[in-house]
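Chain residues, written in single-letter form:
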Amino acid sequence: MQQTAVSATPFDLVGGRDVVGQIVERFYDLLEQDPAYAELRALHAPDLAPMRKSLTGFLAAWLGGPRDWFDEHPGLCMMSAHRGVAMTPQVGRQWANAMSRAITESPVEPVLAAKMAEALSDLAIRMAA
Ligand code: HEM
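Residues numbered from 1 in each chain as written. Predicted model: local features only at pLDDT ≥ 70, side-chain atom pairs only at ≥ 80, totals over all residues. Heavy atoms only, no water.

## Quick notes on the coordination of the iron atom of the ligand
Then comes step 1: No other protein atom reaches the iron atom of the ligand as a donor apart from His 82 (NE2), found 2.0 Å away.
Then comes step 2: With respect to the helices and strands, His 82 occurs in the loop between helix H6 (78–81) and helix H7 (89–104). (Donors = N, O, S within 2.8 Å, 3.2 Å for Na, K, Ca; no water. Helix = DSSP H or I, 4+ residues; strand = E, 2+ residues; numbered from the N terminus.)

## Remarks on the environment of Ser 121
Then comes step 1: Secondary-structure assignment places Ser 121 in helix H8 (residues 110–127).
Then comes step 2: Given a relative accessible area of 14%, Ser 121 falls into the buried group.
Then comes step 3: Along the sequence, Ser 121 and Arg 101 sit 20 residues apart, while their C-alpha atoms lie 11 Å from each other.
Then comes step 4: In this structure, Ser 121 is in contact with Ala 96 and Ser 100, ignoring residues within four places of it in sequence. (Buried < 20%, exposed > 50% of the residue type's maximum accessible area, 1.4 Å probe, protein only. Contact = heavy atoms within 4.5 Å.)

## A word on H8
Then comes step 1: The terminal C-alpha atoms of H8, which comprises 18 residues, lie 25 Å apart, in line with the 26 Å expected from a rise of 1.5 Å per residue.
Then comes step 2: For H8, the complete set of buried residues consists of Leu 112, Ala 113, Met 116, Ala 117, Leu 120, Ser 121 and Ala 124. One side of H8 carries all its buried residues, which in axial view fall inside an arc of 160°. Opposite the buried face of H8, at more than 90 degrees from it, the exposed residues are Val 111, Lys 115, Glu 118 and Arg 126.
Then comes step 3: The N-capping residue of H8, defined by a side-chain oxygen 3.1 Å from the backbone nitrogen of Val 111, is Glu 109. (Expected span 1.5 Å × (residues − 1). Arc of directions from axis to C-beta. Polar contact = N/O pair within 3.5 Å; in protein donor to acceptor, adjacent residues only side chain to side chain.)

## Considering the site of the ligand
Then comes step 1: Residues in contact with the ligand amount to 24 residues; listed here are only the nearest, Ala 45, Ser 54, His 82, Trp 95 and Ala 124.
Then comes step 2: In the model, an oxygen atom of the ligand is placed 3.4 Å from a nitrogen or oxygen of the His 73 side chain.
Then comes step 3: Every element with two or more residues in the shell around the ligand is listed here: helix H3 (38–43), helix H4 (49–62), H6, H7 and H8.
Then comes step 4: Looking at the shell around the ligand, its residues break down into 19 nonpolar, 5 polar and no charged. (Near = heavy atom within 4 Å. Nonpolar A, V, L, I, M, F, W, Y, C, P; charged D, E, K, R; others polar.)

## Details of the nonpolar core
Then comes step 1: Counting 33 residues, the largest nonpolar core has Ile 23, Phe 27, Leu 55, Leu 59, Trp 95, Met 99 and Ile 103 as the members making the most contacts within it.
Then comes step 2: Within the residue set of this core, elements represented by two or more residues are helix H1 (10–14), helix H2 (16–33), H4, H7 and H8.
Then comes step 3: Looking at which element gives the most residues to this core, the answer is H2, with 8 residues.
Then comes step 4: Here Leu 59 is in contact with Val 20, Val 24, Met 99 and Leu 120, once residues within four sequence places are set aside. (Core = buried A, V, L, I, M, F, W, Y, C linked by side-chain atoms within 4.5 Å.)

## Topic: the packing of H2 against H7
Then comes step 1: Where H2 contacts H7, the axes come no closer than 8 Å and their chain directions differ by 130°. With respect to H7, the element H2 is oriented oblique. The element H2 and its partner H7 pack so that their crossing is right-handed. Listed contacts from H7 to Ile 23, Arg 26, Phe 27, Leu 30 and Leu 31 of H2 are Trp 95, Ala 98, Met 99, Arg 101, Ala 102 and Ile 103.
Then comes step 2: The residue makeup of the contact of H2 with H7, split by class, is 9 nonpolar, no polar and 2 charged. (Axes fitted to C-alpha atoms, helices over the stretch in contact; angles between N-to-C directions. Parallel < 35°, antiparallel > 145°, perpendicular 65-115°, else oblique. Left-handed = near helix turned anticlockwise from the far one by under 90°.)

## Regarding the packing of aromatic side chains
Then comes step 1: Across all of its chains, the model carries 5 aromatic pairs by this definition.
Then comes step 2: For the pair Phe 27 and Tyr 28, a centre-to-centre distance of 4.8 Å together with 75° between the ring planes defines the contact as edge-to-face.
Then comes step 3: Exposure remark for Phe 27: the relative accessible area of 0% places this residue in the buried category.
Then comes step 4: When its relative accessible area of 1% is taken as the criterion, Tyr 28 is described as buried.
Then comes step 5: Centroid distance Phe 58 to Phe 70: 6.2 Å. Interplanar angle 50°. Geometry classified as tilted. Taken together, the residues Phe 58 in helix H4 and Phe 70 in helix H5 (residues 68–72) connect sequence positions 12 residues apart.
Then comes step 6: Assessed through its relative accessible area of 10%, Phe 58 is described here as buried. (Phe/Tyr/Trp six-rings, centres within 6.5 Å; stacked < 30°, edge-to-face > 60°.)

As structure tokens, then:
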């Protein structure tokens, strides 16, 4: 029996760049609005617009979508992107919590949303351990 190749990436399954952008917008809106993320917000520049664009591009690539973020940031990796950032377990937990909320509130299908939130939370917690 002939099998049909399944080529959908996680990027396709979450709904593409529009939905990734929606998650990132919500993530930085939460940082700006909710005092629970005050320490994490304070680590960022006053203008979050460049971060909204950069994190959207990074997550698109991380999910198996277009890799233009890597072309636009040659040689940058997650470690070098955070060189000089005062990572503490507290801000790691804030990052994980805000991102999980942003993903949970998005239109991503709940099982996939839970996996995505868990993977990114693990990453943030480990980066800041
Ligand atoms: C663990 C807790 C984390 C903290 C405290 C943190 C903090 C920061 C800060 C302060 C910046 C620079 C912001 C600015 O210039 O305004 C930054 C940049 C960035 N972060 Fe994080 N971050 C964390 C985790 C993550 C994770 C898990 C990801 C990806 C999944 C990520 C992706 C990025 C990207 C893509 C940039 C921008 C790089 C660039 O365009 O130069 N961060 N982060």
